[in-house]
Amino acid sequence: MDPILNGPLAGGGTTATVIYRKIGAVTPESPLAPSIALFTPPFLQPNGPYAATPFLAAGLAARGLSVRQYDVSLTTLLRFFSPAGLERFFDAVAHRPPTNRPQKAMLERRDEYVKTIGPTIAFLQGANPTLAHRILTRDYLPEGERFRQIEGLFNLLERGDGALHLAALYLDDLHDLAVGTVLPGFGFSRYREKLAGAAPSYDGIQEALDGEPDLVDRWLGEAIAECPLDEVTLAGITVPFPGNLMGALLTARHLKRLRPGIQVALGGGWVSTELRSLEDPRIFDLVDFISLDEGEGPLAALAEHVEGKRPRKDLVRTMAREDGKVVWFDGTEPPSPCAVDPTPSYEGLHLGRYFTVLESVNPVMRLWAERGFGKLRAARGCYHKKCTFCDTSLPYISDYRPLDAVALLGQAETLARATGLRGIHFVDEAMPAGLMQRFGLLARERLPDLVWWGNVRFDRSFTPTVCRAMKQGGCVAVSGGLEGLVDSVLARMKKGVALAPMIKSLQAFRDSGILVHAYLIHAFPGSTVKETVDALEVLRQLFQEDLLGSAFWHRFALTVHSPVFASPESYGLYGVSVPPGGFARNEARYEEEGIEAVDLLGDGLRKATYNFMHGVGLREDVRSWFDFPVPKAGVGRTWVAGVLKS
């Protein structure tokens, strides 16, 4: 069979609206109106609320604070994918006529796109299921370049997911037209990501902010204008990824224009990793505060400050500008009345408006795209917290705090009663095996229709007994890091487990009927071409033995919060430096002997893995995936099978 070359994976109407109120939360009739508004900025997952604001809303409400939350990522995207939005979009494209034939063809069929966008989004939201029959006829949706990828590859028309996938390709065509014309920074789960992806200086961001507003900025402003902001004095905006920074800053600017005097705080994963050494004060032209790490305590302290109950000097893990300089405050966190984390609150989030974008028919990867999954967390932090490539010095990794299985199931039950959601995505760094075993046993008895998945460490603790209990309690898939795939690299990574025990844990998941996605790292310091070829051979065998459903290679990045950065000479690195600029500081530059040769393997690794995921090339010599000579793999072609039998 001919190899499948790198297939494109992009992006990257309503059912009944589901809203609920947490017991004890402020209602419209209460004497106190909401004072804190939490925002998810463009763009994040369209299939469900990102975890940050529901977790924060619940924690702040438990402290007696009143909270609203708004997903302007979703509402901005829905403004685009609407008849009126496409009319504006095509008008803008027509003012800058495209030059290539596929773009011209789409512009000529604008009326078809405008006519079909509303019903198609409703279908993806689950509100118009019978439209699947029309979509599967292949004469309802206008088809562009993305549809070429399915010809001769998948018989999607006989699959139940065929209509979902075809509708996703239709949206992908619109995405491609936007990126190629008037919205070069657009993505379903990112916006102008390159501005923050490596931003030691604020100059590029400032230049973009000073530029002409694009359509996303205008739609975002309209979406925020529809958010009730009466009595809101403090707004918190989460920035989990680089693709959210620009959207967050534009959200802050719109808030300041709509409600002068409102105080705005930024927080989230990207902020907490990239801005810990912030020196450039220009970002404070748009926001008042930047808070690091877990946001509940800093926001509670900021709420007290805004109400005049806490002096500025006593703010918690928060930066602000004073006399033109960035100043750090780290006072005592306001006490929480909760012994354990409260159930995340989805109050105010219209769950029926989220929609599926099934860009891959892979059964594991679809879980990231499907609607209907709420977010819970079995434990904060990581119980291993020693991997040398990881941000082990930061609290989100180092501060390990598991929840009790009974309390965790109580959260799942509360979420199911309040929202109707019986799907859970656990957003842990690594779900603990014993905890998830107990959770599975409890869920089997008390929530027999629960479906859940999450991230794990592939270690000895995931035995057949543990995995069976997880499966019986509703676990359908796990993801986790296999990383180096050869023992020599795993040892340098300090994974804390050798390859054979990791494979045995994969076997336990497979035999229990739990699907597996693996994260892989290439070009880790000290890695040789031979080790990398060996790793690909192991990966081939893992797919051949049906131990993996999907996998993805990441190129090693040296972050300033990792053990490798703390001792680069121990890993053979030299010339380590962090680009100056006074703004974001996370990824460092470095030099290493022989790294150029190892880096050349990246394309072959990705191409091979994409084919393996589709059952192609599983009996080929792995050297065939590279465009230049590489050493023969030193791993026997049946080595994994031998481990499984041991």
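Worth saying up front: this structure is predicted, and the values here are computed from it rather than measured.

**Student:** What am I meant to see in the packing of aromatic side chains here?
**Tutor:** In this description, a pair of aromatic rings is defined by centroid distance and the angle of the planes. For the coordinates displayed, the defined rule picks out 29 aromatic pairs. Aromatic side chains tyrosine 383 and tyrosine 400 sit 6.2 Å apart centroid to centroid with 65° between the ring planes, which places their arrangement in the edge-to-face category. Here the residue tyrosine 383 occupies a position in the loop between strand E11 (379-380) and helix H14 (395-398), and tyrosine 400 occupies one in the loop between H14 and strand E12 (401-402), the gap between them amounting to 17 residues. Geometrically, the ring pair formed by phenylalanine 524 and tyrosine 571 is edge-to-face, given 6.2 Å between the ring centres and 85° between the ring planes. Residue phenylalanine 524 is located in the loop between strand E16 (515-522) and helix H20 (529-544), and its partner tyrosine 571 is located in the loop between helix H21 (563-566) and strand E18 (573-577); the two are separated by 47 residues in the primary sequence. Judged by relative accessible area, which is 1%, phenylalanine 524 ranks as buried. The rings of Phe43, Phe80, Phe81, Phe89, Phe90, Tyr113, Tyr170, Phe186, Phe188, Tyr191 and Trp219 are connected pair by pair, giving a single aromatic cluster.

**Student:** Just to check I follow, could you spell out the packing of H20 against helix H23 (residues 602-613) for this structure?
**Tutor:** The axes of two packed helices give the description: the angle between them and the distance between them. As a packed pair, H20 and H23 sit with axes 10 Å apart at the nearest point and diverge in direction by 10°. Looking at the two axes, H20 sits roughly parallel to H23. Only Leu605, Ala608, Thr609, Phe612 and Met613 of H23 make contact with H20, whose side of the interface consists of Thr532, Leu536, Leu539, Arg540 and Phe543.

**Student:** Looking at this structure, I do not really get the confidence of the model for the protein chain. What am I missing?
**Tutor:** A low pLDDT means the predicted coordinates there should not be read in detail. In the predicted model, the protein chain carries a mean pLDDT of 92, and the fraction of residues at 70 or more is 93%. Across residues 1-34, confidence stays below pLDDT 50; counting only partners more than four residues off in sequence or on other chains, it has 85 contacts.

**Student:** It is not clear to me how the side chain of glutamine 541 should be interpreted in this structure. Could you clarify?
**Tutor:** Relative to the elements of secondary structure, glutamine 541 occurs in helix H20. When sequence neighbours within four positions are dropped, the list of residues in contact with glutamine 541 reads Val635, Gly636, Arg637, Thr638, Trp639 and Val640.

**Student:** In this structure, what is going on with the sheet that holds strand E17 (residues 550-555)? I would like to understand it.
**Tutor:** Strands pair in a sheet through their backbones, by hydrogen bonds, and they do so in one of two ways: parallel or antiparallel. If you walk across this open sheet you meet the six strands as E10-E13-E14-E15-E16-E17, and the pairing is parallel. Because the sheet does not close on itself, it has two edges, and the strands there are strand E10 (373-376) and E17. With strand direction ignored, the average angle separating the axes of adjacent strands in the sheet is 20°. Relative to the sheet, helix H15 (residues 405-419) contacts E10 and strand E13 (423-426), its axis offset from that of E10 by approximately 145°.

**Student:** Which parts of the structure should I look at to understand H23?
**Tutor:** Helical geometry: 3.6 residues make up each α-helical turn, so side chains three or four residues apart lie on a common side. Between its terminal C-alpha atoms H23 stretches 17 Å, which fits the 16 Å expected from 12 residues at 1.5 Å a residue. A large share of H23 lies buried, amounting to 10 of its 12 residues. For H23, the complete set of buried residues consists of Gly602, Gly604, Leu605, Lys607, Ala608, Thr609, Tyr610, Asn611, Phe612 and Met613. Contact partners of the buried residues in H23: E16, H20, E17 and helix H22 (595-599). Within two residues after H23, glycine 615 carries a phi angle of roughly 75°, on the positive side.

**Student:** Is there a simple way to explain the pattern of salt bridges in this structure?
**Tutor:** Two side chains carrying opposite charge are able to pair once their charged atoms lie near each other. One pass over the full model with this rule turns up 44 salt bridges. One salt bridge connects glutamate 294 with arginine 380, and the closest N-O pair in it is separated by 2.5 Å. With glutamate 294 in the loop between strand E7 (289-291) and helix H13 (296-306) and arginine 380 in strand E11, this pair connects stretches of sequence that are 86 residues apart. Close ionic contact of arginine 377 with aspartate 341 constitutes a salt bridge, the shortest N to O distance being 3.7 Å. Taken together, the positions of arginine 377 in the loop between E10 and E11 and aspartate 341 in the loop between strand E9 (325-329) and E10 put the pair 36 residues apart, joining distant regions of the chain. Relative accessible area serves as the criterion here: at 23%, arginine 377 is assigned to the partly exposed category. Given the relative accessible area of 26%, aspartate 341 is considered partly exposed. Here the salt bridges share partners, and the residues they tie into one network are Glu294, Asp341, Arg377, Arg380, Asp399 and Arg401.

Here is what the cut-offs are and how they apply
Residues numbered from 1 in each chain as written. Predicted model: local features only at pLDDT ≥ 70, side-chain atom pairs only at ≥ 80, totals over all residues. Heavy atoms only, no water. Phe/Tyr/Trp six-rings, centres within 6.5 Å; stacked < 30°, edge-to-face > 60°. Helix = DSSP H or I, 4+ residues; strand = E, 2+ residues; numbered from the N terminus. Buried < 20%, exposed > 50% of the residue type's maximum accessible area, 1.4 Å probe, protein only. Axes fitted to C-alpha atoms, helices over the stretch in contact; angles between N-to-C directions. Parallel < 35°, antiparallel > 145°, perpendicular 65-115°, else oblique. Contact = heavy atoms within 4.5 Å. pLDDT = per-residue confidence, 0-100. Pairing = 2+ DSSP bridges. Expected span 1.5 Å × (residues − 1). Salt bridge = Lys/Arg side-chain N within 4 Å of Asp/Glu carboxyl O.

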